[in-house]
Amino acid sequence: MEEDPLAYHKSVLKDEMLARRLRQAGDLRRVSQSRKQLTKEFTNRPLPSCPETRQIARPVPEDFYRPCYLPPAHLKKILLKDLKFETHHRGSFLLLRVFCQPFRKSAVVAAIEDETRDVDRLVVYQTRESLRAFEVLPESSVVTIKEPFYHMEEDGRYALRVDHPSDMVVLDHFHKLYPEQWQNHEETQMTAMSWKLEGDRAVMGEEYLEAHRCYTSGLACVDPEAYEGMRNPMRDLCRSRSLADLHLSRYDASVLDAFKSISNRQDDRAKSEDAEAWFCRGRANYQLGHYANALHAYERMLMLAPTDLQCHQELDRTKKRLLEQREGAYDFAEMIEEVTKNGYFADRASFISKTEARQTQDRGRGLFATKDLRMGDLILCEKAFMTAHPNDRTPRSTVPVWLDSVQKVVDSPSQSKDLLGLYAGQPHTSPISAPIMDGVPVVDTFRVSRILDLNGFSYTVGRESHAYGTSAMMTRESPKSTGLWIRVANANHACLSNAVRSFVGDMIILRAARDIKNGEEITISYQKPAPLLADRQKVLFDSWRFQCNCLLCTSEASSVAKMHDLAEHVETSMAFVADRTLDTILAADSELIAMAEIVAEDLEEMYADNLMHRLPCLGMGDIWQWLCQTYCQNLNRSQLKRCAIKVLQSHGYWMTLQGSQLSIDLAHGIPTVAVVDALMYLAGVAEGEQQIELRREFEAWARRFYEIVNGNMTGFELKY
Ligand SMILES: C[S@@+](CC[C@H](N)C(=O)[O-])C[C@H]1O[C@@H](n2cnc3c(N)ncnc32)[C@H](O)[C@@H]1O
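Just so it is clear, the structure is predicted and the values come from calculations on it, not from any experiment.

J.: Help me out: how do you make sense of the domain arrangement of the chain in this one?
T.: Interface extent is often summarised as the accessible area lost during association of the parts. If you check the domain split of the chain, you get domain 1 (8–184), domain 2 (186–327), domain 3 (350–399 + 411–528) and domain 4 (561–719). Distance from the C-alpha centre of domain 3 to the C-alpha centre of domain 4: 31 Å. Between domain 3 and domain 4 lies a buried interface of about 1800 Å² when both sides are counted; carbon and sulfur atoms form 62% of it. Remark: the boundary between domain 3 and domain 4 carries nine residue pairs in polar contact (both at pLDDT 80 or more). Of all the elements in the fold, those that place two or more residues in the side of domain 3 that touches domain 4 are β20 (499–504) and β21 (507–512). Each residue belonging to the side of domain 3 that touches domain 4 can be placed in one class, and the counts come to eleven nonpolar, seven polar and four charged.

This is how it looks when you write it as structure tokens:
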């Protein structure tokens, strides 16, 4: 990585800022900028068009703080002048108005005033990636900031900082806290119907947030008495807001609003409106993955509008999802085709019914089989809760997934239990949904961040149709995408795991690496296991804070004395292979081959214990693979056969041949691409020796391993 020439100055500046922060902490705020200065700063910026490029500052742990769990009614109102530096004002709230067009930097930044016309800046983190600053905080909007945090930002200036979405509530003009002096009197005069028309206009312009605001304001002015004997606009407003909710990914609210709007009357107009509401309910339930509810909604719609083509299509789509959910009936080739076209997403349901998450004896919760599984079986195929992909605007991918996971739960609180129930670094308490305060779920952003760090996976997209395109373990090239899968997040790690993961778009696939009994724990390897025990344990401890005690690790740990020698030999082998790529394989002479044989033999000696117990020898596979490639190139069949068997043994697979019947001891194997290659070398040798049955046996085994490693068979023919 290139060194930053300003690194030294930056670190001095950072230290100075920290010292200032510590010195001033608790002091009463001093006004540092006038309204005129702030107005100039905010109005001289280019108008926001699309979300700007930005680097998101992740707060350092000492800045972590909890969200406010109280409504404003239980808090004391304070003014800007009451703020103290570096202080969380617990038990208090501020009432503020945005007085200029806000902008986005590493967060949404707004100029705000209080009722005394005192001014300052408000910095809001964790807003939805795709929203523009003026959508988050429209000019003239009135907000309450609960338990405000007055903090020095990266530019060395103080500002009010909001990290938890529920700590800031944008008030509707009819809210009882909304100060009279900031009321827009034109708006307060509007009727429910005029709000509805305003909302419809916003929908036409695809301004769904604004439409939502209008429909909500309209609903606030509906007086049921005033519509005695007349058509009550409440249902119309709810139906329209349900559609706006759908566009805003607020699926829980969409289901509820659609429900409220259904009249069950029998006149034609009511039927058509109810059909619309059932459709919204269907779509929102589909998006939430509640396919049975979606099916019910579409069936109800078809009772009212039997010829609606779109509804028939949605119904068919939903039936497919239900089949996938029930039976794991996926057409992977079709799924790959879809993902290849759209890049990231597979419109598929999760199949997780052969597993359950429950407590282990000593490793928190784990994933367990609820059925007997055979080697190669699909254990589960799960849709991601959230994925994030690197792009020009956010080249580092984990931050958007973090932000959007918070937002997803805020938008559809019913999903909060799934996310917040995951491991966050402490022993589990029983999973709870986020509490709702002022109509908004209280989500602790920092907890979500920790959950994502401990439970997310990185993977590579866009290679699904290639050979081994869905294997995350072998694709080391960046950029990487990040994702979170709720059921798989319960799986504990073992370097010698019994399941292997792969990806198609945003679906994760787990296959059984060996037979797994009903009730047995399912484990996966969080990372491609490093050859040396110390390296493996370091990575696992640094990232996940545990030490692996799988059979391979405990066995290698018991031969500590040899560790140093082994490390030396593994390094020699790795250097040999790294220096001698394809060109040298093509030109390998007998001297070079002899050298490689010596390196391999030395390693075998080092790995005598592993070999005796038929355990994988992770540092030995590469050199035998190199020799396989070389002997294959030289058409030396007998040596190729010997080395291919060594590759299998390096991975913990020991084969037995009885005539042309091949059996493989799978107890301690680690399936990889190299295992498939070795089996295909052996198939080639058998073919050369005219042993057609045996060739078929080897190829059949190679196919089984390919499916485990890659998740499905796509690309096998291409590669072999
Ligand atoms: C993705 S979570 C796995 C589920 C977790 N055990 C739970 O209780 O929800 C990752 C965390 O599980 C624990 N863990 C995973 N594999 C482990 C292992 N082999 N030994 C001990 N702890 C493990 C670690 O605390 C790790 O940070």
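Structure shown, so let's carry the discussion forward.
J.: What is the right way to read the pattern of salt bridges from this model?
T.: Where side chains of opposite charge bring their charged atoms close, a pairing between them can arise. Going through the model one piece at a time under the given rule, you end up with 53 salt bridges. Here R90 ties to E147 by a salt bridge, and the two come within 2.5 Å at their closest N and O atoms. One end of the pair, R90, is in the loop between β2 (87–88) and β3 (92–98); the other, E147, is in the loop between β7 (142–146) and β8 (149–152), with 57 residues separating them in the sequence. Overall, R90 belongs to the partly exposed group, its relative accessible area being 33%. The salt bridge involving D347 is made with R317; its shortest N-O contact spans 2.6 Å. Highlighted residues: D347 in the loop between α12 (332–342) and β11 (355–359) and R317 in helix α11 (residues 309–327), separated in sequence by 30 residues. Residue class for R317 comes out partly exposed when judged on its relative accessible area of 24%. Residues joined by salt bridges that share partners form a network here, namely E314, R317, R321, E324, E334, E338, D347 and R348.

J.: Before we go on, may I ask you to explain the UniProt feature "repeat: TPR" (unreviewed entry) in the chain in this structure?
T.: This chain's UniProt record puts "repeat: TPR" (unreviewed entry) on residues 275–308. Here residues 275–308 runs as 79% helix and 0% strand, with 10 Å between its end C-alpha atoms.

J.: In this structure, what is going on with the packing of aromatic side chains? I would like to understand it.
T.: Remark: the centre distance and the inter-plane angle together describe each pair of aromatic rings, the angle taken between the planes. Tallying each qualifying case throughout the model produces 22 aromatic pairs. An angle of 15 degrees between the planes, with centres 5.9 Å apart, marks the rings of F85 and Y150 as stacked. Of the two residues, F85 is situated in the loop between β1 (76–78) and β2 and Y150 in strand β8; the sequence distance between them amounts to 65 residues. When its relative accessible area of 4% is taken as the criterion, F85 is described as buried. An aromatic cluster is built from F64, Y65, F149 and F446, whose rings are joined through pairwise contacts.

J.: Would you explain the nonpolar core in this entry?
T.: Side chains of nonpolar character tend, in soluble globular proteins, to be buried together. Of all hydrophobic cores here, the largest spans 58 residues; its most connected members are Y607, L627, I664, L679, F698, W701 and F705. Examining the composition of this core, we find that twelve residues originate from one element, helix α24 (residues 673–688), more than from any other. Two domains each donate at least three residues to this core, and these are domain 3 (350–399 + 411–528) and domain 4 (561–719). Setting aside residues up to four positions removed in sequence, L627 forms contacts with I593, A596, E597, A600 and C643. Counting 36 residues, the second-largest nonpolar core is a separate cluster that includes L373, A494, I508 and M563.

J.: Help me understand the sheet that holds strand β18 (residues 481–484) in this model?
T.: Sheet strands pair via backbone hydrogen bonds, and the direction of the pair is either parallel or antiparallel. Spatial ordering of the open sheet is given by β14-β18-β17, a layout of three strands whose pairing is antiparallel. Strands with a single pairing partner mark the edges of an open sheet, and in this sheet they are β14 (386–388) and β17 (457–459). Averaged over all pairs of adjacent strands, the angle between strand axes in this sheet comes to 25 degrees, irrespective of strand direction. For β17 and β18, the ladder comprises three bridges, and the chain directions are antiparallel. Residue pairing for β18: F457 is matched across the bridge by G483.

J.: Before we go on, may I ask you to explain helix α16 (residues 533–544) in this structure?
T.: Every α-helix winds through 3.6 residues per turn, so residues three or four apart in the chain are directed the same way. In a regular helix each residue adds 1.5 Å, so twelve residues correspond to 16 Å; α16 covers 16 Å between its end C-alpha atoms and thus fits that length. Inspection of α16 places L533, R536, Q537, L540 and W544 among the buried residues, and these make up the whole buried set. An end-on view of α16 places all buried positions within 95 degrees of arc, on one side of the element. For α16, the exposed residues set more than 90 degrees away from the buried face come down to A534 and K538.

J.: What's the story with the site of the ligand in this structure? I'm lost.
T.: Close contacts around the ligand come from 16 residues, with R365, H428, N492, H493 and W544 the closest. One nitrogen or oxygen atom from the main chain of R363 is found 2.8 Å from a nitrogen atom belonging to the ligand. In isolation the ligand has 560 Å² of accessible area, and contact with the protein removes 92% of it. Those elements that provide at least two residues to the shell around the ligand are α15 (445–455) and β19 (492–493).

J.: Please clarify how the pairing of β20 should be interpreted in this entry.
T.: Two faces, one strand: in a regular strand the side chains alternate between the faces of the sheet. For β20, the buried fraction is high: six of the six residues fall into the buried class. Going residue by residue along β20, you find A499, R501 and F503 tucked away on one face and V500, S502 and V504 tucked away on the opposite face as well. Sheet analysis places β20 next to β21, joined by six bridges and oriented antiparallel. Each bridged residue has a counterpart across the sheet, and for S502 the counterpart in β21 is I509.

J.: So what exactly am I meant to see when it comes to the sheet that holds β11 here?
T.: On the basis of which strands lie adjacent, the open sheet formed by four strands has the order β11-β12-β22-β19 and mixed pairing. Taken across any chain shown, the strands that pair with only one partner, and hence form the sheet edges, are β11 and β19. Sheet topology places β11 next to strand β12 (residues 365–369); five bridges connect them, and they run antiparallel. Among the inter-strand pairings, A357 is bridged to a residue of β12, identified as L367.

J.: Hey, could you run me through the packing of helix α5 (residues 192–204) against helix α7 (residues 233–247) in this one?
T.: Here α5 crosses α7 at 20 degrees, and the two axes come no closer than 10 Å. On the basis of the axis angle, α5 is roughly parallel to α7. Crossing of α5 against α7: the hand is left-handed. Where α5 approaches α7, its residues A192, M193, K196 and D200 are matched on the opposing element by P233, D236, L237 and S240. Split by residue class, the contact of α5 with α7 holds four nonpolar, one polar and three charged.

J.: How should the pairing of strand β6 (residues 119–124) be read in this particular structure?
T.: Buried residues dominate β6, accounting for six of its six residues. One ladder, built from six bridges, connects strand β5 (residues 108–113) with β6; its direction is antiparallel. The partner of A110 across the bridge, within β6, is L122. Between β5 and β6, which pair antiparallel one after the other, the connecting turn spans five residues, and R117 there sits at a positive phi close to 75 degrees. In the sheet, β6 pairs with strand β9 (residues 158–162) via three bridges, with the strands oriented parallel.

Conventions adopted
- Residues numbered from 1 in each chain as written.
- Predicted model: local features only at pLDDT ≥ 70, side-chain atom pairs only at ≥ 80, totals over all residues.
- Heavy atoms only, no water.
- Domains from an automatic or database assignment.
- Buried area = accessible area lost by both parts, 1.4 Å probe.
- Polar contact = N/O pair within 3.5 Å; in protein donor to acceptor, adjacent residues only side chain to side chain.
- Helix = DSSP H or I, 4+ residues; strand = E, 2+ residues; numbered from the N terminus.
- Nonpolar A, V, L, I, M, F, W, Y, C, P; charged D, E, K, R; others polar.
- Salt bridge = Lys/Arg side-chain N within 4 Å of Asp/Glu carboxyl O.
- Buried < 20%, exposed > 50% of the residue type's maximum accessible area, 1.4 Å probe, protein only.
- UniProt positions renumbered as here; feature names shortened; annotations may be inferred.
- Phe/Tyr/Trp six-rings, centres within 6.5 Å; stacked < 30°, edge-to-face > 60°.
- Core = buried A, V, L, I, M, F, W, Y, C linked by side-chain atoms within 4.5 Å.
- Contact = heavy atoms within 4.5 Å.
- Pairing = 2+ DSSP bridges.
- Axes fitted to C-alpha atoms, helices over the stretch in contact; angles between N-to-C directions.
- Expected span 1.5 Å × (residues − 1).
- Arc of directions from axis to C-beta.
- Near = heavy atom within 4 Å.
- Areas by Shrake-Rupley, 256 points an atom, 1.4 Å probe, with all protein chains shown as cover.
- Parallel < 35°, antiparallel > 145°, perpendicular 65-115°, else oblique.
- Left-handed = near helix turned anticlockwise from the far one by under 90°.

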